[in-house]
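Results of the structural survey
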Amino acid sequence: MISPPHKESLTMSEADFYWDVNLYCKKTSETKALWDSCIGRLSGKTLFVTGIGFDPRAVKSIEILFDKKAPPEQFHCLGIKSAADAVGANSAQKEQSNIRKLKELFPERLRIEHSIGSEKQTTSLALCILLKRLNKEHFFDEFDQIVIDVGAMPRVTFLTLVPKLLEQFIGDKGELNKKNMFVIALENAQFDSSITEHVTDANATFLHQYSLNSPSLSPDLPGVWFPIMGASRKDELETIKRDIQKVLRQDGVEVVPILPFPSIDPKLSDKIIGDFYHVLFEEFEVNYSNILYAAENDPFHLYRRLMKSFMKYAKNFTLLGGGRFVVSPLSGKLMFVGAILAVFEASRELSDERLPFTPLISAYDTQNKYYFGVPLVEPTQYKVQDNKVNFEHAELSLLWLLGDAYDE
């Protein structure tokens, strides 16, 4: 099995990052082979966590893993209904169809929970409250494996869920409780292109656990914003920029865009630069040397790029008393996962409330304050245009985050 990074070194090297050594399957064939030979045979109970809505990937990923057969009795499912509603293309009927199929796959082993935000409560906060209630019930304790299927989840859901579960399964001193934790995602560009954010929120909201809203924050701390760029996100980018300036109460936020390269479309980065040229280089005044590149189909590559950047800026900010880091995922879902892993680990490293997960900042002044924020513009309604879904060219990817693969 894969060994974890060495955690005794005090040097700030890439090898110290916890997920620098990782297990990642990019293609359906790789994921299916690993599942059949290893993951599907792990002892104990396994819980699938999926989104409940119109997206057929809530069921499709599970069907792929089990060859369209009903999973054995040790497999259970938690379905989370959250975020926006959908209109068009029989979306309501599709949601009911997904629920019916999940009940057929997991008879007596399916639990459905609603986690929907309101005017007084963001979707992220609502999900944190739901997870707290499930923890009080010791719901996750009976499972040895947790598989989070982000393919059918709104981004605010899994960006909140993944770090909260990591936090639960990793102790303050970095100790693990021996649970295996996975993320799977069925990427289907054709279907994604048929879904548009029909109605979006007028303001950006921050993930609850990384809110940057503490009244004790000093307005004098420097800020760095990492927008992870994707196509057709101009309005969202502008909204986030405006609201970041409100929260940080300063105009001099340094902007470090991250572009997808290499990517399936080799000219995608050039297209994004062309589409966002005015915003990036004239309005935001981005320095060309600030542009970073991360592989479009490798979330761990983005994770490493962000971790290196966080630690570099943290070292530079020691003389200023600390700093603030804002990450805005505006691209694909797997890239979102890579981004939130970096935010999760770096926030632990730079926190004075607990011992760091890995000793990357042991030489830094522990009196410095570092804060993280993940702002999103949540859609309040999706519009589904395509009534037919073709998964012929979709790929099921898998990330093994915690557990047996990292035992020394």
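So, here's what we can say about the structure. Keep in mind it's a predicted model, so treat the numbers as computed, not measured. One numbering rule holds for all chains: residues counted from 1, following each sequence as written. Local features are withheld for residues below a pLDDT of 70 in this predicted model, meaning they are given only at 70 or higher, and side-chain atom pairs are given and counted only at 80 or more; totals for whole chains, interfaces and linings count all residues. The basis for every side-chain value is the complete set of non-hydrogen atoms in the structure, without hydrogens or water.

Take the overall build of the protein chain next. Across its full length, the protein chain carries 11 helices and 18 strands. A contact between two residues is defined here by any heavy atoms of the two lying within 4.5 Å. Within the protein chain, contacts between residues at least 6 apart in sequence are counted, and of these 84% link residues at least 24 apart. Carbon and sulfur atoms form 50% of the exposed surface of the protein chain, whose accessible area is close to 17900 Å². Each helix is a run of H or I in the DSSP string that is no shorter than four residues. Each strand is a run of E no shorter than two, and both are numbered from the N terminus. We get accessible surface area from the Shrake-Rupley algorithm with a probe of 1.4 Å; when it comes to residues, only the shown protein chains can shield them.

What follows concerns the pairing of strand 3 (residues 75–82). Working definition: with a 1.4 Å probe on protein chains only, accessible area under 20% of the residue-type maximum means buried, over 50% means exposed, and in between means partly exposed. Of all eight residues making up strand 3, eight are buried, and the element is well covered by its neighbours. Here strand 3 shows a buried face lined by Phe75, Cys77, Gly79 and Lys81 and a second buried face lined by His76, Leu78, Ile80 and Ser82. When DSSP finds two or more bridges between two strands, those strands count as paired. In this sheet, strand 3 lies alongside strand 2 (residues 46–51) in parallel orientation, the contact comprising six bridges. The residue bridging threonine 50 from the neighbouring strand is glycine 79, located in strand 3. Crossover handedness is defined by viewing with both strands directed away from the observer: a clockwise path from the first strand over the helix to the second marks the crossover as right-handed. As for the winding sense of the linkage, the β-α-β connection from strand 2 through helix 2 (residues 57–65) to strand 3 is right-handed.

Let us look at the sheet that holds strand 2. Read across the sheet, seven strands follow the order 1-18-7-6-2-3-5 without closing on themselves; strand pairing throughout is mixed. The strands lining the two open edges of the sheet, one partner per strand, are strand 1 (23–25) and strand 5 (110–115). On average, each strand axis in the sheet is inclined to that of its neighbour by 20°, with strand direction left out of account. Along the sheet face, helix 2 touches strand 2, strand 6 (145–149), strand 7 (180–187) and strand 18 (395–402) and points at about 110° away from the line of strand 7. Structural elements are reduced to axes, namely lines fitted to C-alpha atoms, with helices fitted over the stretch in contact, and the angle between N-to-C directions of any two is expressed from 0 to 180 degrees.

Before going further, it helps to spend a moment on helix 10 (residues 299–316). Expected helix span is taken as 1.5 Å per residue step, with the number of steps being one fewer than the number of residues. Here helix 10 is 18 residues long and its end C-alpha atoms lie 26 Å apart, about the 26 Å a rise of 1.5 Å per residue gives. Among the residues of helix 10, Pro299, Phe300, Leu302, Tyr303, Arg304, Leu306, Met307, Ser309, Phe310, Met311, Tyr313 and Ala314 are the ones counted as buried. By the criterion applied in these results, polar contacts are pairs of N or O atoms within 3.5 Å in which, for protein atoms, one can donate a hydrogen and the other can accept it, and in which residues neighboring in sequence qualify only through two side-chain atoms. The N-cap residue of helix 10 is aspartate 298: its side-chain oxygen and the backbone nitrogen of phenylalanine 300 are 3.1 Å apart.

Within the secondary structure layout, aspartate 36 lies in helix 1 (residues 28–37). Sequence spacing of aspartate 36 and leucine 65 is 29 residues, and the spatial spacing of their C-alpha atoms is 8.0 Å. When residues no more than four places from it in sequence are discounted, the contact partners of aspartate 36 are Arg41 and Leu65.

Our next topic: the pattern of salt bridges. In what follows, salt bridge is the name for a side-chain nitrogen of Lys or Arg lying within 4 Å of a carboxyl oxygen of Asp or Glu. Tallying each qualifying case throughout the model produces 11 salt bridges. The salt bridge involving arginine 57 is made with aspartate 55; its shortest N-O contact spans 2.7 Å. In this pair, the class of arginine 57 matches that of aspartate 55, namely buried. Residues arginine 133 and glutamate 137 are paired through a salt bridge, measuring 3.6 Å at the closest nitrogen-oxygen approach. On the basis of relative accessible area, arginine 133 is assigned to the partly exposed category, the value being 36%. Here the salt bridges do not stand alone but share partners, grouping Arg111, Glu113, Arg133 and Glu137 into one network.

Glancing now at the packing of helix 4 (residues 123–136) against helix 5 (residues 155–169). Closest axis-to-axis distance for the helix 4/helix 5 pair is 9 Å, and the angle between their directions is 35°. When you trace helix 4 past helix 5, the crossing you get is right-handed. For the pair helix 4 and helix 5, the contacting residues are Thr123, Ser124, Leu127, Cys128, Leu131 and Asn135 in the first and Val156, Thr157, Thr160, Leu161, Lys164 and Gln168 in the second. The sense of a crossing depends on the near helix, which, turned anticlockwise from the far helix by less than a right angle, makes the crossing left-handed and, turned clockwise, makes it right-handed.

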